[in-house]
Amino acid sequence: MRSWLDYTVEVNVNAVAPATTDGREQAAKAAVVSARDVTRQYGEGETAVQAVRGISLDVKQGELTAIMGPSGSGKSTLMHILAGLDKPTSGEVSIAGSTITALDDNALTKVRRKHIGFIFQFFNLLPMLTAEENIVLPLELAGRKYDRAWVDQVIGKVGLSDRRKHRPSELSGGQQQRVAIARALASRPTIMFADEPTGNLDSKTSAEILDVLRESVEEYGQTTVMVTHDPNAAAIGHRTLFLADGLIVKELHGASAHDLIVAIDEVGSA
Amino acid sequence: MIGVSLKGLAGRKLRALLTALAIILGVAMVSGTYVLTDTIDKAFSQIFQETYANTDAVVNGRGADIEFQGESTATPPIPEEILEQVQSVSSVEAAAGTVFDQRDAKILTKEGKAVNTNGAPSFGFGLDTSEEASRFNPLKLLDGTWADEAGEVVIDSGTADREGYAIGDKVQISTLEPAEEFEIVGLAQYGNTDSLGNATFAAFTISEAQRLLHRDGQLDAVSVAARDGVTPTALVKDLRSELPGDVVNVRTGLEQADEDAESAEFTTFIRYFLLAFAGIALFVGAFVIFNTLSITVAQRTREFATLRTLGASRRQVLGSVILEALVIGLLSAIIGLFAGLGLAIGLNELFKALNLELPSTDTVFATRTIVVSLLIGTVVTVLAGLFPAIRATRVPPIAAVREGAELPKSRLAPLAPYFAIVTIAIAVALLGLAMFKDDLATAPRLLSIAGGVLLLFLGVALISSRVVRPIARVVGWPATQIGGVAGRLAKENSMRNPARTAATAAALMIGVALVTFVGVLANGMKESNRGAIEDQVQADYVVTAQDGFSPFVAGAGDALEEAGVGETVTPVRSELGKIDDEAQYVTGIDPDSIAETYAFEWQDGSNAVLAELGRDGAIVAKGFADDNDLRVGSPLELLAPNGSTALLEVKAVYEPPPFFPLLGAVSVGRELFDSLYERPRNQYVFVNVEGSASAAATKELETAVADFPDAKVQTREGWIKQQDEDFNTFLTMLYVLLALSVIVSLFGMVNTLVLSVFERTRELGMLRAVGMTRRQIRRMVRHESVITALIGTALGLPLGIFLAALVTQALGQFDLRFEVPYSLLVVFAVIAIVVGIVAAIAPARRAARLNVLEALQYE
């Protein structure tokens with residue numbers, strides 16, 4: 001496993017970030033999500049809190065990006081902004097080439113339908129629907145004709161073929177999260193966001209869920225951004241961004257869980 | 001603990017307000033009813049007290065005083081000479097005679113129609129307006145002068161206002177004489193009473209009144225004032241000794257006022273009638289309170305658990321929820337109490353709009369109103385909150401640390417269906433008892449009907465949580481078809497918490513069931529009425545009074561006969577009489593022509609018998625004959641109100657339709673009738689014309705009765721339709737009053753939806769995140785609301801039909817028909833859908849406006 005790892009430890013300070021992404025790293029593949037100088041401030045005046053202080057990044061097609069950082073580092077806020085759930089105080093976000101920062105609620109909803117899949121920490125399934133009904137819900141909300149074969153494939157992929165008709169209350173936590181992953185994959189989103197996908201699961205189940213996630217990225221080339229506390233989760237990513245105080249302070253490529261633990265310590269003490 | 005409870009309540013103001021509204025309406029109805037009926041009562045007693053304020057004794061005619069089905073015969077007049085005899089009694093200081101008639105002085109509108117009093121009196125007075133007699137005058141002159149000579153009249157200011165008459169105007173007034181023109185010389189009111197309701201009066205000079213009201217040489221009453229030092233009782237004693245006891249009655253003024261006031265007892269009826277609707281609204285309100293508190297208790301499970309871990313005892317938890325109910329109840333009761341003042345005005349306007357104006361005076365806000373309103377509002381709320389409060393005590397402290405803590409199931413929950421079945425069984429037993437047990441007094445009968453219906457609703461509500469899912473599957477189907485995925489989710493949501501949906505729907509069910517009950521029963525009544533008329537009346541035309549039911553002057557019938565317009569003109573007289581000491585309606589028929597316009601269903605006899613009626617023959621209705629063991633040849637004694645009697649023999653027995661027999665229990669020949677009743681009146685005049693009814697014939701008939709504006713010419717079909725319309729007016733009032741309980745259940749639906757939206761916050765956030773638009777969210781909430789409303793309808797419609805069928809059965813002896821008006825039921829279902837849509841407006845908006853991020857992070 002270690003052999004394919006490639007250390008690229010560099011500190012990405014706010015001021016140099018644009019130069020980094022624009023100039024030095026010529027992307028082989030197109031960036032499907034990009035953020036430019038994004039800041040997010042909560043409150044006004046003396047009580048104002050800068051959750052995100054100015055972040056620019058690109059997520060490339062087929063890439064799994066993990067975002068780590070201590071509580072309050074701004075990682076969740078960043079993900080919410082990238083996903084169009086929250087609006088930045090300044091800066092710009094674009095998904096699949098179009099800017100989403102200025103869109104109204106209706107247009108944003110359409111963007112979410114077409115381009116975005118979500119996986120939540122608490123699964124967020126509808127209790128009265130079966131596993132399969134939950135999975136196709138976003139497709140039905142969009143009112144699109146959908147590809148049955150693809151849905152069946154996804155359900156097989158996450159290992160739920162024999163659990164289609166079960167309701168969430170009849171499924172274990174891991175199975176529920178598999179439903180959630182299938183729900184996110186079903187619409188073949190441009191990008192999938194996972195918010196602490198293992199945060200509510202035991203370690204064995206977590207490992208299984210991470211396998212499912214990794215396989216879907218590898219097999220389907222599903223671009224994914226994952227926010228996590230868990231180094232084991234982040235270790236399946238192609239790269240990991242470390243946030244502290246609203247800034248990206250470190251970026252690792254292909255790091256192992258061990259590397260990540262070391263990095264967490266560094267960032268934490270920095 | 002009290003502080004925690006109150007602060008919690010303050011923190012949920014909107015919810016508390018919505019909950020309160022459910023009770024406010026019911027209490028407002030209670031207080032409004034009391035205010036309105038107390039005010040009417042006061043107006044009535046004012047009328048009577050003022051009438052006799054300066055009268056120590058009253059002398060009037062001694063009659064048979066026959067009372068039947070709320071009607072009573074007028075006291076017969078006394079000879080004029082009585083006045084002189086009274087004046088010559090030594091203890092009398094002053095005395096004045098009055099002519100007084102309750103129904104025959106009809107003031108005409110400018111269009112020449114009689115003012116429709118809708119059954120209220122149209123008084124005619126002949127008043128002594130001299131200085132010394134003014135103390136006896138019940139009227140208060142507002143403007144102008146009293147009538148001083150023939151051709152002058154004083155009318156009540158209310159009628160003058162409504163019809164646009166002023167002093168100096170000419171007005172047509174019809175009496176027992178054809179309409180004549182009078183000059184209005186003054187406007188008056190009855191004592192200090194602002195409004196007499198629909199009643200009208202016209203005051204003439206005594207001699208003019210005697211002529212118009214056919215009281216030549218007669219007076220209706222002599223009012224007497226005693227000399228100083230003579231008590232009214234002593235005065236009455238003196239008068240009794242001097243006057244012929246077989247001709248007159250002598251009473252003190254107070255006794256007379258009490259006697260008269262008894263005829264105003266119908267305010268008691270109105271009071272209980274309206275209170276019944278208040279009770280229904282409160283009952284529905286109790287459902288809403290129960291449901292709301294149940295949901296909030298469930299949602300606050302963790303809060304209660306936390307309180308328990310901090311040392312709160314079960315008793316304290318119980319107390320905190322009950323206190324919450326108590327505060328909501330008391331606040332709602334206070335608001336409702338004052339809202340009732342406004343509602344009283346609204347109710348009065350409702351009556352007015354339906355042409356049932358009631359007398360009014362200054363608003364009466366009695367202590368009893370305040371006490372009853374506050375008590376009932378608070379008690380109902382606390383009772384409804386009791387069960388949720390007990391459930392709150394069952395939350396274990398450990399729930400404080402559990403993820404997704406849920407309220408433990410009630411220990412009684414598994415027993416609920418059995419409990420429901422027992423409740424329904426008791427309800428049906430009570431209803432059966434009330435409806436089919438013959439020898440039951442009215443009060444226990446009404447109580448067991450009310451109790452039975454309430455228990456029935458309760459039982460159905462208890463069991464309804466079991467039927468919510470199947471019903472939702474059916475009534476939710478259209479939503480899944482037209483609402484897309486939002487509609488499907490709505491259907492699923494409505495089935496998620498069957499107990500909650502059931503309780504919400506049950507509140508609406510009550511209103512729907514009652515409306516359906518009324519609608520179905522009314523439809524049966526209309527059909528029965530039409531059938532009864534069509535079976536009996538063969539005439540082309542039916543001439544009645546303007547209101548369609550009061551007896552009217554015989555002169556109109558005479559005019560029709562004289563005009564020779566119709567092929568057959570046959571008047572039907574009607575008055576009260578006593579037959580073998582039993583009060584009954586007696587009809588006078590024209591033996592020669594009645595059979596051409598009225599179809600007798602002979603039991604024993606034939607049309608040929610009619611010719612043999614003569615002056616001692618009688619035709620008897622079967623029901624009356626059976627009850628009194630009468631058969632052809634039996635003797636009968638008929639007593640008229642003026643005391644004259646006739647000995648009769650039964651000549652034939654016929655069977656009229658029990659629902660609406662047009663003729664009285666006993667019918668006699670017109671000649672005999674007219675000799676027994678001093679001022680005979682017609683209830684109907686049946687007319688056959690050559691060919692059939694036509695516009696030309698109608699015109700001719702109308703011209704013939706032009707001088708009798710109280711007479712109304714209608715074709716048979718027109719008459720039936722007119723009765724349907726009058727009945728519809730009453731129906732409308734019932735619907736409006738029942739709408740109140742539907743509005744209460746609407747608040748309940750809003751409440752449940754708001755609470756469900758609140759509870760599903762995170763879920764809504766997820767839905768928005770995965771691509772649900774605001775419009776889809778609103779649609780989802782709206783469809784859930786409509787499905788709930790349809791569940792209530794699906795329960796309420798059959799329940800209402802069942803109750804109507806039961807009552808139809810119970811009224812079997814009246815041959816009441818049972819016909820379900822399907823199109824009306826469709827209208828009710830559509831209204832229920834509208835209620836669902838309206839209830840969803842605010843909750844749907846709330847759900848759609850949720851901030852996605854905050855909703856997702858919501859616990």
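Model, not experiment: these values are computed from the prediction.

About the cut-offs
Residues numbered from 1 in each chain as written. Chains lettered and ligands numbered in written order. Predicted model: local features only at pLDDT ≥ 70, side-chain atom pairs only at ≥ 80, totals over all residues. Helix = DSSP H or I, 4+ residues; strand = E, 2+ residues; numbered from the N terminus. Buried ≥ 20, exposed ≤ 12 C-beta atoms within 10 Å, placed from the backbone. Domains from an automatic or database assignment. Contact = placed C-beta atoms within 7 Å. Nonpolar A, V, L, I, M, F, W, Y, C, P; charged D, E, K, R; others polar. Axes fitted to C-alpha atoms, helices over the stretch in contact; angles between N-to-C directions. Left-handed = near helix turned anticlockwise from the far one by under 90°. Pairing = 2+ DSSP bridges.

**Observations concerning the overall build of chain B**
Next up, step 1: What chain B contains, in helices and strands, is 27 helices and 28 strands.
Next up, step 2: Split into buried and exposed, the 859 residues of chain B put 50% on the buried side.

**Observations concerning the domain arrangement of chain B**
One frequently used descriptor of interface size is the decrease in accessible area upon assembly of the parts.
All names here are of chain B.
Next up, step 1: Entries for chain B in the domain assignment read domain 1 (1–54 + 269–411), domain 2 (63–244), domain 3 (468–537 + 717–859) and domain 4 (547–708).
Next up, step 2: Contact residues are listed per partner, giving 15 residues for domain 3 and 11 residues for domain 4.
Next up, step 3: Listed by contribution, the elements that provide at least two residues to the side of domain 3 that touches domain 4 are helix 16 (498–536) and helix 23 (716–759).
Next up, step 4: Per-element tally for the side of domain 3 that touches domain 4: the top contributor is helix 16, with seven residues.
Next up, step 5: Considering only residue class, the side of domain 3 that touches domain 4 consists of five nonpolar, seven polar and three charged.

**A closer look at the packing of helix 25 (residues 774–810) of chain B against helix 26 (residues 822–849) of chain B**
Residues and elements named next belong to chain B.
Next up, step 1: Contact geometry for helix 25 and helix 26: axes closest at 7 Å, N-to-C directions at 145°. Viewed along their axes, helix 25 and helix 26 form a crossing whose handedness is right-handed.
Next up, step 2: Among the residues making up the contact of helix 25 with helix 26, the classes are represented as 19 nonpolar, five polar and four charged.

**Side note on the interface of chain A and chain B**
Next up, step 1: With 20 residues of chain A at the contact, the number on the chain B side is 18 residues.
Next up, step 2: Contributions of two or more residues to the side of chain A that touches chain B are made by helix 3 (105–115) and helix 4 (131–142) of chain A.
Next up, step 3: Of the residues that constitute the side of chain A that touches chain B, the class distribution is 10 nonpolar, five polar and five charged.

**Quick word on the sheet that holds strand 3 (residues 64–68) of chain A**
Residue and element names in this part refer to chain A.
Next up, step 1: One open sheet accounts for six strands, arranged 6-7-8-3-9-10; its pairing is mixed. Strand pairing shows two members of the sheet lacking a second neighbour, strand 6 (116–119) and strand 10 (247–253), which therefore form its edges. Within this sheet the neighbouring strands show an average axis-to-axis angle of 20°, counted without direction.
Next up, step 2: Pairing of strand 6 with strand 7 (residues 191–195), which is carried by four bridges, proceeds in the parallel orientation. By the bridge assignment, Ile116 is partnered in strand 7 with Ile191.

**Focus: the sheet that holds strand 4 (residues 90–95) of chain A**
Residue and element names in this part refer to chain A.
Next up, step 1: The strand order across the open sheet formed by four strands is 2-1-4-5, and the pairing between neighbours is antiparallel. The outermost strands of the open sheet, each flanked by one partner alone, are strand 2 (49–60) and strand 5 (98–99).
Next up, step 2: By the bridge criterion, five bridges tie strand 1 (residues 31–42) to strand 4 in an arrangement that is antiparallel. Looking at the pairing, Ser34 lines up with Ser94 of strand 4.

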